[in-house]
Amino acid sequence: MRYHAGSRFGLCEEKQSYIFWMCRNIDRLSPRRQKTIRKMIEDCADGEEEALTEALCTGKSLCQVAMQRYTSEAGLQRRCEKFYKKAEKVLL
């Protein structure tokens, strides 16, 4: 997913940015923090864990991930929103 300045998913820019950069740097986080993020992705993915992980943890656009994973971009967007709202409660 690409970085989006301003509020997104009902979160202010600071919170949204914090979650975004944690996901993009998941390999640099502690094993405990990585496990927490991966568990949240699993909980929000509705069977699309690989697509959601790729959308959240790489620089690929949602459109690109959706096309490569044969899934709906709108569905992936909803899963990202679900993840961000859950992450606000768990990570912040």
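Not measured: the values here are computed from a predicted model.

(A) Main features of the pattern of salt bridges. Following the criterion strictly, the structure yields 9 salt bridges and no others. Salt-bridge contacts for Lys15 lead to Glu88; the nearest nitrogen and oxygen are separated by 3.3 Å. Separated by 73 residues along the polypeptide, Lys15 in helix H1 (residues 13–24) and Glu88 in helix H5 (residues 73–91) bring together distant segments of the chain. By relative accessible area, Glu88 is classed as partly exposed at 25%. We note a salt bridge from Arg38 to Asp27, for which the minimum N-O separation is 3.9 Å. You can see Arg38 sitting in helix H2 (residues 31–44) and its partner Asp27 sitting in the loop between H1 and H2, a full 11 residues away along the chain. Under the relative-accessibility criterion, Arg38 is labelled partly exposed at 38%.

(B) Just the environment of Arg32, in detail. Within the fold, Arg32 resides in helix H2. Between the C-alpha atoms of Arg32 and Lys82, which are 50 residues apart in sequence, the distance is 21 Å.

(C) Region of the structure containing H5. In this model H5 runs 25 Å from its N-terminal to its C-terminal C-alpha over 19 residues, within 8% of the 27 Å that 1.5 Å per residue would give. Taken residue by residue, H5 has Gly75, Leu76, Arg79, Cys80, Phe83, Tyr84, Ala87 and Leu91 as its buried positions. Between the side-chain oxygen of the N-cap and the backbone nitrogen of Ala74 there are 3.2 Å, and the N-cap of H5 in question is Ser72.

(D) Here's a closer look at the nonpolar core. In terms of nonpolar packing, the biggest core is built from 27 residues, with Ile37, Leu52, Leu56, Leu76, Cys80, Phe83 and Tyr84 touching the most fellow members. Contributing elements (two or more residues each) for this core: H1, H2, helix H3 (49–57), helix H4 (62–69) and H5. Considering every element that reaches this core, the biggest residue donor is H5, with 6 residues. The residues touching Leu52, leaving out its near neighbours within four places in the chain, are Ile41, Cys44, Ala45, Leu76, Arg79 and Cys80.

Definitions and cut-offs
Residue positions are given per chain, counted from 1 along the sequence in the order it is written. At least 70 in pLDDT is required for a residue's local features to be given in this predicted model, at least 80 for side-chain atom pairs to be given and counted, and no such filter applies to totals for whole chains, interfaces and linings, which use all residues. For side-chain calculations, the full set of non-hydrogen atoms in the structure is used, while hydrogens and water are omitted. What makes a salt bridge here is a side-chain nitrogen of Lys or Arg within 4 Å of a carboxyl oxygen of Asp or Glu, nothing more. The helix count covers DSSP runs of H or I at least four residues long, the strand count covers runs of E at least two residues long, and both are numbered beginning at the N terminus. Three exposure classes are used, based on accessible area relative to the maximum for each residue type with a 1.4 Å probe and protein chains only: buried under 20%, partly exposed in between, and exposed over 50%. Every helix has an expected span of 1.5 Å times one less than the residues it contains. Nitrogen and oxygen atoms within 3.5 Å of one another constitute a polar contact, given that in protein one can donate a hydrogen and the other can accept it, and given that sequence-neighbouring residues count only through two side-chain atoms. Side-chain atoms within 4.5 Å link the members of a nonpolar core, which is a set of buried Ala, Val, Leu, Ile, Met, Phe, Trp, Tyr and Cys residues. Should any heavy atoms of two residues lie within 4.5 Å, those residues are considered in contact.

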